[in-house]
Every structure is written in structure tokens, then in C-alpha cells.
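Observations on the model geometry
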Number of protein chains: 2
Amino acid sequence: MSPDRLSTTFSALADPTRRAILARLALGEASVGELAEPFEMSLPAVSKHLKVLERAGLIARGREAQWRPSRLEAGPLKDAADWIEHYRRFWEQSLDRLGDYLRALKAKEEEKKRGRKK
Amino acid sequence: MSPDRLSTTFSALADPTRRAILARLALGEASVGELAEPFEMSLPAVSKHLKVLERAGLIARGREAQWRPSRLEAGPLKDAADWIEHYRRFWEQSLDRLGDYLRALKAKEEEKKRGRKK
């Protein structure tokens, strides 16, 4: 079974160098050489990462053999965001609970202070 | 080097069964047996997926040896959503461009119809 689209996207994002490459491409298209420089990586190592990103549809590459600039393609990121979005209420709930806890802690602290002043 | 947190999260999400387990846990906590049933999977296979999710901090498991219910922990999903969010303008731009294209297509089509009626 070939992996589903969303799995391919998440798998491609599960690497800090590939995420850094996407962050660089968010600033504009770049050649393999331009991408290799800041990462101090070999061209073949960068090419390998680009192949993973291209297969996941996260980048598209130009046709010119020498230059072949890569550019960001955000479609799969939208699908990933849509999937994660379903869980938003869960992390917002946890933040609410943390907020409640911190407020209760602060109230207790202030009560203690008032107690000492009396 | 141990993988960074975000890579561990994306890696755990890069599997349709693990995403389905999270979707099930969004409805409430469940034991390994309850999780195995709808997926027609063996308990060890489900346990293996739960271990990956637990290591990624996406679920927490109860202490009771027999029952050990799993529950969703959404913190890492928030971090993943925050990361993807930086790219929102890129997919919104593409949707805008698609919208422009469709509007232009429709205008052309209507112009053609008017031409035929004359």
C-alpha cells in the first residue's frame, strides 16, 4: 500500500533540515547550491531532501538542468493544517485549565500576603 | 542526535492508523482493547502505535496495569499547528490565484454566450 497523502506530508516534515529548507523557500525560490550554503551540507545531501519534499508536493522545481530553482508549494501544508485544526479545542482547553490553575495560584498567594499584613 | 520535538510529532502523525487512534481518543479515553476493535488489529500492533504516540507526548496512559486507558494530549499538536501556520499566506495566495483564474474563466464563458445570442 502506498502511503496516503497526509502521511507523506507529515513524514516529509519530520526532519529539521527539510523544515529549514521550506523556511528558506518561503523567502523566495533557490537553487540546490543556494540551499546547501547556509546548512553547510553537500549538494547530494540537499538534493536528497529536495527529492523527499518534491515527492510530498511541498516544493516544485524548475526544468532548467543547471539552475533548477525550487519553490514552495503550500497545498499539502493546508491539508495538514486542516487535519490538526480538528484538535484545536483540546489544546485550547488545556491552556484554559492552565490559566485557571495560575489564577487560583495567584489568588492564594495574594490571600497569604493579605493575611501577613493583618 | 535525538530527534527534535517537532520532528517526533510529525513522525508520529505520519501514519493513518495513529491518526485514526487520535481521532478515536478525541471522543474520550479508551483501553487498548477498545482501540483494537474498530481497526481489527491485534493488541500488540495497537500497543506499538500507542508507544509511538506516547513517546511523542500525543497521548498519556493511565497507571492501572489492566485497563491503562489512553487519552489525547494536544500540546504537541498545538506546536505543529503553530509551525504550519507560518505558511498560511502561501496556500491562501494559491487559493486567491485559483479564484482569480475561475472568475476570469467564467467571465470569458459569459462573454461567449452573449456573443452567440447576438
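Residues numbered from 1 in each chain as written. Chains lettered and ligands numbered in written order. Predicted model: local features only at pLDDT ≥ 70, side-chain atom pairs only at ≥ 80, totals over all residues. Heavy atoms only, no water.

A tally of helices and strands in chain A yields six helices and two strands. What you see for chain A is a C-alpha radius of gyration of 23 Å, clearly larger than the 13 Å of a compact globule of 118 residues, by over 25%. Over its C-alpha atoms, taken along the principal directions, chain A stretches across nearly 80 × 35 × 20 Å. Across the 118 residues that make up chain A, the buried fraction comes to 36%. Sequence separation of at least 24 residues holds for 51% of the intrachain contacts in chain A that already meet a minimum separation of 6. One finds the centroid of the 24 positive side-chain charges in chain A at a distance of 7 Å from the centroid of its 18 negative side-chain charges. (Helix = DSSP H or I, 4+ residues; strand = E, 2+ residues; numbered from the N terminus. Rg over C-alpha atoms; globule rule 2.2 N^0.38 Å. Buried < 20%, exposed > 50% of the residue type's maximum accessible area, 1.4 Å probe, protein only. Contact = heavy atoms within 4.5 Å. Lys, Arg positive; Asp, Glu negative; His and termini not counted. Charge placed at Lys NZ, Arg CZ, Asp CG, Glu CD.)

What follows deals with the confidence of the model for chain A. Residues and elements named next belong to chain A. Looking at chain A as a whole, its pLDDT mean stands at 89, while 95% of the residues score no less than 70. Ranking the elements of chain A by mean pLDDT puts helix 6 (residues 88–117) last with 81 and helix 1 (residues 5–13) first with 98. If you check the scores for this complex, the pTM reads 0.81 and the ipTM reads 0.81. (pLDDT = per-residue confidence, 0-100.)

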